[in-house]
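Working through the structure, step by step
These are the residues of each chain, in order.
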Amino acid sequence: MELHEECGVFGVYSRSRKDLAGLSYGALYALQHRGQESAGIALNDDGVFTVCKDTGLVSEVFSSDRLEALGEGNIAVGHVRYSTTGTDSRKNAQPLHINHFKGQMVLAHNGNLTNAFGLRRELENMGAVFHTTSDTEVIAYVIVQERRSAVSIEAAVSAAMYRLDGAYSMVISSPTKLIAVRDPHGFRPLCMGRLPNDETVFASETCALDAIGAEFIRDIEPGEIVTVSKDGIQSDTAHCGRTERNLCVFEYIYFSRPDSVIDGNSVHLARQRAGEFLAEEHPVDADIVVGVPDSRIDAAIGFSRKSGIPYGIGFIKNKYIGRTFISPEQKQREREVRIKLNPLRSTVGGKRVVLIDDSIVRGTTSRHIVSLLRKAGAKEIHMRISAPPFVAACYYGTDIDNSDNLIANHLSVSEIAEMIGADTLGYLSEEHLLHIIENNKGLCTACFDENYPTRIPSHSDKSHFEYRIHEIDGRA
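Not measured: the values here are computed from a predicted model.

Brief notes about the nonpolar core
Counting residues in hydrophobic clusters, the biggest one holds 36 residues, and the most contacted among them are F250, Y252, F303 and I436. Counting residues per element, the ones that place at least two in this core are β14 (247-248), α8 (250-255), α9 (267-281), α10 (297-307), β20 (352-357) and α16 (446-449). Apart from the residues lying within four places of it in its own chain, the contact partners of F303 are G275, E276, L278, A279, H282, V284, V289, I309, V354, I356 and R384.

Structure (structure tokens):
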């Protein structure tokens, strides 16, 4: 309940001028769950770029007047953001628009570079001036630097990939091309679709394709660069197979929408299997199974089906408030939980309740949810978590940058249960975690086992670029 997600990207290429802003709006709305801090759309009208972006939800950033002001175009790039590097200020909103000596470029990025600090320091020593505090601008500078000698923008992207470490799924527009690229590990999802009029689209999740009536074609392979232009669609697989696949397992557990299909696996079914495995591992005598809305409902249904304990709606969710973790302060998060969730006394009153959630990070939010059920009359509360305990920081786009903040590193399972007020507590095992999907091509589980697919960065705080600015200002 306390996890932060990363970002969502979208891109569309049309052979004629159309209202791509409206199309992008629909896709970004479907991806809103991936980031609620800012949103943006860049429209390319035959090489003339118009960008609209700001802090807030998609519906808040894009009024009908703003969408109309974007006009028509043949390429569009969209983005919704949660800040995993850099603060949530307007200057860090995406897509990022760059003017360089060979033209213009807009870039939308989902993920987190593990070598951003070193690259930025290297670029600054060469005279680069940064206007944001996110790692996306670092990526843009590296691409522009490689563009000096590259024969094309896609060749520059390919050269840049040898210098970029970590997670990045991106959509990029030059004046004439739309490019989609996924890092060699495939940490974050990216897929390609087609509209009925043969327009090509890219999105972080298939739910965005469904929202705009696009047909799913395929996933972008880890390390692949796909370029769309007047000459058609071209794929560069030079970076494919360089490393093992390491899709973030939390795309299935929490981040992605349940109606999405990620790398050939249904998110909905993966969560149900997690619940079934939980019922096998941690059986309990109870009267009802409830899930914390929304992503935990599928796991709760799976637990109910396997255990034979009836499933019930235990909470009513206020649909008009964003995910609780978008608030930086814990007290504010707790206030938002009270506003967001209200237990149903008619469901849980006098009952032995199995409560399904997907994670316990610090424990404070879980304690509050358990307290809500107690006040609603629950006789017993048996908490079950559809993932193993968090023991390590994540450097690839999940906002867990310090293992010291993780409750599992300080308390035993029974002690955590006591701290949050639950009668019993059970986590999904790492063994079963790897079997929640049928087609396991490779998953990153480093936050559970510390087996990192890349080198661990020396600077992991998402605000480290802000800290550097303060230090420079202090010496001036």
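More follows now that the structure is in view.
Section: the packing of aromatic side chains
Per the counting criterion, the structure on display carries 10 aromatic pairs. These aromatic residues form a ring-pair network of at least three members: F250, Y254, F255, F390 and F448. Across from the ring centre of F130, 4.3 Å away, lies the NZ or CZ of R120, which sits over that ring.

Section: the sheet that holds strand β8 (residues 178-182)
The sheet built from six strands is open, its strands ordered β5-β6-β7-β8-β12-β13 with antiparallel pairing. On the outer flanks of this sheet lie β5 (96-100) and β13 (232-236), each paired with one strand and no other. Strand-to-strand twist across the sheet, computed as the mean angle between neighbouring axes with direction ignored, equals 20 degrees. Direction of pairing for β5 relative to strand β6 (residues 103-113): antiparallel, over a ladder of five bridges. In the strand pairing of β6, N99 is matched with Q104. Sheet contacts for helix α5 (residues 135-147): β5, β6 and β7 (166-173); angle to β6, the most-contacted strand, approximately 130 degrees.

A look at unusual backbone geometry
At the junction of Q94 and P95, the peptide bond is cis and its omega measures out at 10 degrees in the coordinates. Locating P95 in the fold gives a position in the loop between β4 (73-81) and β5. The phi dihedral of D46 is positive, around 55 degrees, even though this residue is not glycine. As for its placement among the helices and strands, D46 is situated in the loop between β2 (38-45) and β3 (48-55). Its identity as a non-glycine residue notwithstanding, E450 has a phi of 65 degrees, on the positive side. For E450, the location among the structural elements is in the loop between α16 and α17 (464-475).

Here's the deal with a nonpolar patch on the surface
Among the surface-exposed residues, Y311, I313 and I316 lie close enough to one another that they form a single nonpolar patch of about 270 Å² accessible area. Tracing the chain through its elements places I313 in the loop between α10 and β18 (315-317). Taking the relative accessible area as the measure of exposure, I313 reaches 49% and is therefore partly exposed.

Observations concerning helix α14 (residues 413-420)
Taken residue by residue, α14 has I416, A417 and I420 as its buried positions. Looking straight down α14, one finds that the buried residues subtend no more than 100 degrees of arc, so they occupy a single side. Counted as exposed and oriented over 90 degrees from the buried face of α14: S414 and E418. Buried positions along α14 lie against α13 (364-375), β21 (380-385) and β22 (424-427). Two residues or fewer past α14, G421 is found with a positive phi of approximately 90 degrees.

Here's the deal with the confidence of the model for the chain
Put simply, the chain has an average pLDDT of 91, and 89% of its residues get 70 or more. In the predicted structure, residues 323-328 sits below a pLDDT of 50 and forms 25 contacts with residues beyond four places in sequence or in another chain.

Structural notes on helix α6 (residues 153-161)
Taken across its nine residues, α6 has seven buried, putting it largely inside the fold. Where α6 is concerned, the buried positions are I153, E154, A156, V157, S158, A160 and M161. Contacts from the buried residues of α6 go to β6, α5, β7, β8, β12 (225-229) and β13.

Reading guide: rules and limits
- Residues numbered from 1 in each chain as written.
- Predicted model: local features only at pLDDT ≥ 70, side-chain atom pairs only at ≥ 80, totals over all residues.
- Heavy atoms only, no water.
- Core = buried A, V, L, I, M, F, W, Y, C linked by side-chain atoms within 4.5 Å.
- Buried < 20%, exposed > 50% of the residue type's maximum accessible area, 1.4 Å probe, protein only.
- Helix = DSSP H or I, 4+ residues; strand = E, 2+ residues; numbered from the N terminus.
- Contact = heavy atoms within 4.5 Å.
- Phe/Tyr/Trp six-rings, centres within 6.5 Å; stacked < 30°, edge-to-face > 60°.
- Lys NZ or Arg CZ within 6 Å of the ring centre and 35° of its normal.
- Pairing = 2+ DSSP bridges.
- Axes fitted to C-alpha atoms, helices over the stretch in contact; angles between N-to-C directions.
- Patch = residues over 30% accessible without salt bridge, like charges linked within 9 Å, V, L, I, M, F, W, Y side chains within 5 Å.
- Areas by Shrake-Rupley, 256 points an atom, 1.4 Å probe, with all protein chains shown as cover.
- Salt bridge = Lys/Arg side-chain N within 4 Å of Asp/Glu carboxyl O.
- Arc of directions from axis to C-beta.
- pLDDT = per-residue confidence, 0-100.

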